[in-house]
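The chain contents come next:
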Amino acid sequence: MSAEVDQLIRVRGMRARDVPAVLAIEQVSYGYPWSERIFRDCLRVGYRGWVATDLNEAVVGYGLLSVAVGEAHVLNLCVAPDWRGRGIAALVLEAMITQAVAERAETVLLEVRPSNRSARRLYKRRGFKRIATRPGYYPAADGREDALLLALELDI
Ligand SMILES: CC(C)(COP(=O)(O)OP(=O)(O)OC[C@H]1O[C@@H](n2cnc3c(N)ncnc32)[C@H](O)[C@@H]1OP(=O)(O)O)[C@@H](O)C(=O)NCCC(=O)NCCS
């Protein structure tokens, strides 16, 4: 983590009132964004959410994690375009991994598009390993795109 990010960015739990700001980042970040309903449902059913905020308390990134029977699943991780490349996703990911450890998960799983180079580098740096491919998992302009299933084994 750089000193700059350490001083400028705070990571805290996502609240229902963060959803509009989260949704705005979601919509400029993905070709197939989640709806507001999905974010609200995730919080309602008790999935863990985090937001990264700047010095003005504006939301600049977020993550969502589910944990069940020893398995944590990164459901979403996203940073606003103007804020990328400063280690903010790494910070949110770390908060998720810490939570997974606290809940005694043995593994953190996530799916990533093979074409998503910067996300793949981020996960690889943090020790995630590719364990499977999910054929046709994602919608794509020319049909469907596979997902790579990555896993981080936690020492418990
Ligand atoms: C993937 C995504 C979350 C990464 O967010 P990010 O905040 O830019 O990630 P980080 O800053 O932690 O790492 C990204 C790059 O910045 C670099 N970086 C990190 N801290 C840095 C710093 N202080 N100074 C300069 N560069 C830095 C990293 O080395 C990394 O470089 P690389 O991609 O060339 O390896 C972001 O691109 C995004 O939101 N994409 C759209 C949504 C998405 O695809 N999410 C993932 C779904 S699986």
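Placed above this text is the structure.
Remember, it's a predicted structure, so these values are computed and weren't measured experimentally.

### A look at the site of the ligand
Item 1. As a structural note, the neighbourhood of the ligand is formed by 21 residues, with Leu77, Val79, Gly85, Gly87 and Asn116 the closest of them.
Item 2. A distance of 3.1 Å is found between a nitrogen atom of the ligand and a side-chain nitrogen or oxygen belonging to Tyr30.
Item 3. Take Arg84: an N or O atom from its side chain is 3.5 Å from an oxygen atom of the ligand.
Item 4. Burial of the ligand by the protein amounts to 73% of the accessible area it has alone, namely 930 Å².
Item 5. With respect to the pocket detection grid, the ligand is positioned in the largest pocket.
Item 6. Elements with a contribution of two residues or more to the shell around the ligand: β4 (71–79), α4 (88–102), β5 (107–112) and α5 (117–125).
Item 7. Tallying contributions element by element places α5 first for the shell around the ligand, with six residues.

### So, the nonpolar core
Item 1. If you look at the biggest cluster of nonpolar residues, it comprises 31 residues, and the most contacted ones within it are Val74, Leu77, Leu93, Met96, Val108, Tyr123 and Phe128.
Item 2. Elements supplying a minimum of two residues to this core: β2 (48–53), β3 (59–68), β4, α4, β5, α5 and β7 (143–153).
Item 3. Here this core takes nine residues from α4, the largest share from any one element.
Item 4. Listed in part, the 14 residues of the second largest apolar core include Ile25, Trp34, Phe39 and Val51.

Conventions we followed
- Residues numbered from 1 in each chain as written.
- Predicted model: local features only at pLDDT ≥ 70, side-chain atom pairs only at ≥ 80, totals over all residues.
- Heavy atoms only, no water.
- Near = heavy atom within 4 Å.
- Polar contact = N/O pair within 3.5 Å; in protein donor to acceptor, adjacent residues only side chain to side chain.
- Areas by Shrake-Rupley, 256 points an atom, 1.4 Å probe, with all protein chains shown as cover.
- 1 Å grid on protein atoms, 1.4 Å probe; cavity = no way out; pocket = protein on both sides within 12 Å on 5 of 7 lines; lining within 4 Å.
- Sits in = over half its atoms within 2 Å of the grid points.
- Helix = DSSP H or I, 4+ residues; strand = E, 2+ residues; numbered from the N terminus.
- Core = buried A, V, L, I, M, F, W, Y, C linked by side-chain atoms within 4.5 Å.
- Buried < 20%, exposed > 50% of the residue type's maximum accessible area, 1.4 Å probe, protein only.

Geometry only, nothing functional implied.
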